[in-house]
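# Coordinate analysis (summary)
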Amino acid sequence: MSIQGKSIHLQGRVQQVGFRYYVYRLASELGVKGFVKNMPDGSISVEAECDSHTMEVFIEHCKKGSPQSKVSKCEATPIEVKGYECFKIF
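Note that the structure is predicted; figures quoted are calculated from it, not measured.

## Some remarks on helix 1 (residues 19-30)
- Here helix 1 spans 16 Å end to end across 12 residues, near enough to the 16 Å set by a 1.5 Å rise per residue.
- Within the sequence span of helix 1, burial applies to Phe-19, Arg-20, Tyr-22, Val-23, Leu-26 and Ala-27. One side of helix 1 carries all its buried residues, which in axial view fall inside an arc of 155°.
- Along its buried surface, helix 1 packs onto strand 1 (3-13), strand 2 (33-38), strand 3 (44-51), helix 2 (52-64), strand 4 (70-79) and strand 5 (87-89).
- Within two residues after helix 1, Gly-31 carries a phi angle of roughly 80°, on the positive side.

Structural data, given as structure tokens:
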């Protein structure tokens, strides 16, 4: 299985609702490497690395969001694999 990288940008009610911790737990369960962080405009930015099937599952769960969140837009674009060793919250 080849590893792919994605930049995922999520908008909606995604800050102050435990969304980053939701993504962190999801990434840990699935074995996804990378990071999640809040952006100044109220959105969430994720960089993720994993195999293609896991990436599909990860993105679908990100679109659903945490119980208190409401994702209104999710954009995933391919990026170069950077070789992250773990998943972090910034």
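Back to the write-up after that little detour.
## Regarding the packing of helix 1 against helix 2
- Following both chains from N to C, one finds helix 1 and helix 2 inclined at 160°, their axes separated by 11 Å at the closest point. With respect to each other, helix 1 and helix 2 are oriented roughly antiparallel. Viewed along their axes, helix 1 and helix 2 form a crossing whose handedness is right-handed. Listed contacts from helix 2 to Phe-19, Tyr-22, Val-23, Leu-26, Ala-27 and Leu-30 of helix 1 are Thr-54, Val-57, Phe-58, His-61 and Cys-62.
- Among the residues making up the contact of helix 1 with helix 2, the classes are represented as nine nonpolar, two polar and no charged.

## Thoughts on the sheet that holds strand 3
- One open sheet accounts for five strands, arranged 4-1-3-2-5; its pairing is mixed. The outermost strands of the open sheet, each flanked by one partner alone, are strand 4 and strand 5. The average undirected angle you get between the axes of adjacent strands in this sheet is 20°.
- Relative to strand 3, strand 2 runs antiparallel, the two being bridged by six bridges. The residue bridging Lys-33 from the neighbouring strand is Glu-49, located in strand 3.
- Sheet strands in contact with helix 1 are strand 1, strand 2, strand 3, strand 4 and strand 5, and its direction is about 170° off that of strand 5.
- On top of the sheet, helix 2 reaches strand 1, strand 3, strand 4 and strand 5; it is set at about 155° to strand 3, its chief contact.

Here is what the cut-offs are and how they apply
Residues numbered from 1 in each chain as written. Predicted model: local features only at pLDDT ≥ 70, side-chain atom pairs only at ≥ 80, totals over all residues. Heavy atoms only, no water. Helix = DSSP H or I, 4+ residues; strand = E, 2+ residues; numbered from the N terminus. Expected span 1.5 Å × (residues − 1). Buried < 20%, exposed > 50% of the residue type's maximum accessible area, 1.4 Å probe, protein only. Arc of directions from axis to C-beta. Contact = heavy atoms within 4.5 Å. Axes fitted to C-alpha atoms, helices over the stretch in contact; angles between N-to-C directions. Parallel < 35°, antiparallel > 145°, perpendicular 65-115°, else oblique. Left-handed = near helix turned anticlockwise from the far one by under 90°. Nonpolar A, V, L, I, M, F, W, Y, C, P; charged D, E, K, R; others polar. Pairing = 2+ DSSP bridges.

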